[in-house]
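Take a look at the letters that make up each chain.
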Amino acid sequence: MAKVLVGVKRVVDYNVPIMVKSDKTGVMTDGVAHSMNPFDEIAVEEAVRMKEKKVISEILVVSCGPPRAEEEIRTALAMGADWGIHVQVPEKDYESLQPIHVSKILAKLAKENNVDMIILGKQAIDDDCNQTAQMTAGYLDWPQGTFASKVEKTDGEVTVLREIDGGLENIKLKIPAVISADLRLNEPRYCTLPKIMKAKKKLVKKVPIAELDVDLTPRMEVLRVDEPPVRQCGPILPDVDTLIARLREAKLL
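The structure contained in this document is the topic of the report that follows. (Residues numbered from 1 in each chain as written. Predicted model: local features only at pLDDT ≥ 70, side-chain atom pairs only at ≥ 80, totals over all residues. Heavy atoms only, no water.)

### Some thoughts on the layout of surface pockets
So, step 1. Within this model, the second largest pocket holds a volume of roughly 170 Å³.
So, step 2. Lining the second largest pocket, in full, are Val48, Glu52, Leu77, Ala78, Met79, Gly80, Arg189, Lys195, Lys198, Ala199 and Lys202.
So, step 3. When residues of the lining of the second largest pocket are traced back to their parent elements, those giving at least two are α1 (38-52), α2 (70-79) and α6 (193-199).
So, step 4. Counted by class, the lining of the second largest pocket contains five nonpolar, one polar and five charged residues. (1 Å grid on protein atoms, 1.4 Å probe; cavity = no way out; pocket = protein on both sides within 12 Å on 5 of 7 lines; lining within 4 Å. Points joined across faces, edges and corners; volume = space filled by probe spheres on them. Helix = DSSP H or I, 4+ residues; strand = E, 2+ residues; numbered from the N terminus. Nonpolar A, V, L, I, M, F, W, Y, C, P; charged D, E, K, R; others polar.)

In structure tokens form, the structure reads like this:
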């Protein structure tokens, strides 16, 4: 049966209000609650459901980042993944880690561990790049099914129902393949305390980024990060005629 690799990323928790640093170089992360990227959590859940259906045999979870990134791997293990790889990236390098670097790392680990399928979240909520799955498939020369809202695996193939601008599209991919999970693919399970405790005993292999021989030269440069302007309250108009007059004044009609 197939072996699946799932990528997970540590991001600022989606419930935390985002604050920009005073020097405009990024957002505040120190002392802020972090969690697994929600789309990656969906990817882990889908892999676990496949294993429960006995269509895959093993789930490997990979996360790149500083020491605390292991927390997200442990969460995935508590959900039902089998073991993990923590690609250790120093803080100074992690800030400049970009999707192209992560794609190279995942592609290399997929080859080294004889993976048959990669499932990733369609994007991370911190940068919204939506690039990693596509570039990973490119480096591996594997078919890809992005924005998946339904996945069905059969012998040697996987059928993906994907969301596109015009509606829904069904595609059939030969394995090995790369899939990116959309919001409506599933609802991740709640990790119970016994499973969290059991996950602490599962293997998490630590691999320094230097051992993978991946070029971490930044391909993009962030010039400045600004908070969005405060939205102004709209005026309250007495009637429709006034609204039409205002729209004409603004040359919108």
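### Some remarks on the sheet that holds strand β9 (residues 167-174)
So, step 1. Spatial ordering of the open sheet is given by β9-β8-β7-β10-β6-β1-β4-β5-β11, a layout of nine strands whose pairing is mixed. Each end of this open sheet is capped by a strand with a single partner; those strands are β9 and β11 (204-208). Strand after strand, the sheet turns through a mean of 30° between neighbouring axes, direction not considered.
So, step 2. Relative to strand β4 (residues 56-65), strand β1 (residues 2-7) runs parallel, the two sharing six bridges. Note that in β4 the partner of Gly7 across the bridge is Val62.
So, step 3. Along the sheet face, helix α5 (residues 132-140) touches β6 (117-121), β7 (144-154) and β10 (177-181) and points at about 160° away from the line of β6. (Pairing = 2+ DSSP bridges. Axes fitted to C-alpha atoms, helices over the stretch in contact; angles between N-to-C directions. Contact = heavy atoms within 4.5 Å.)

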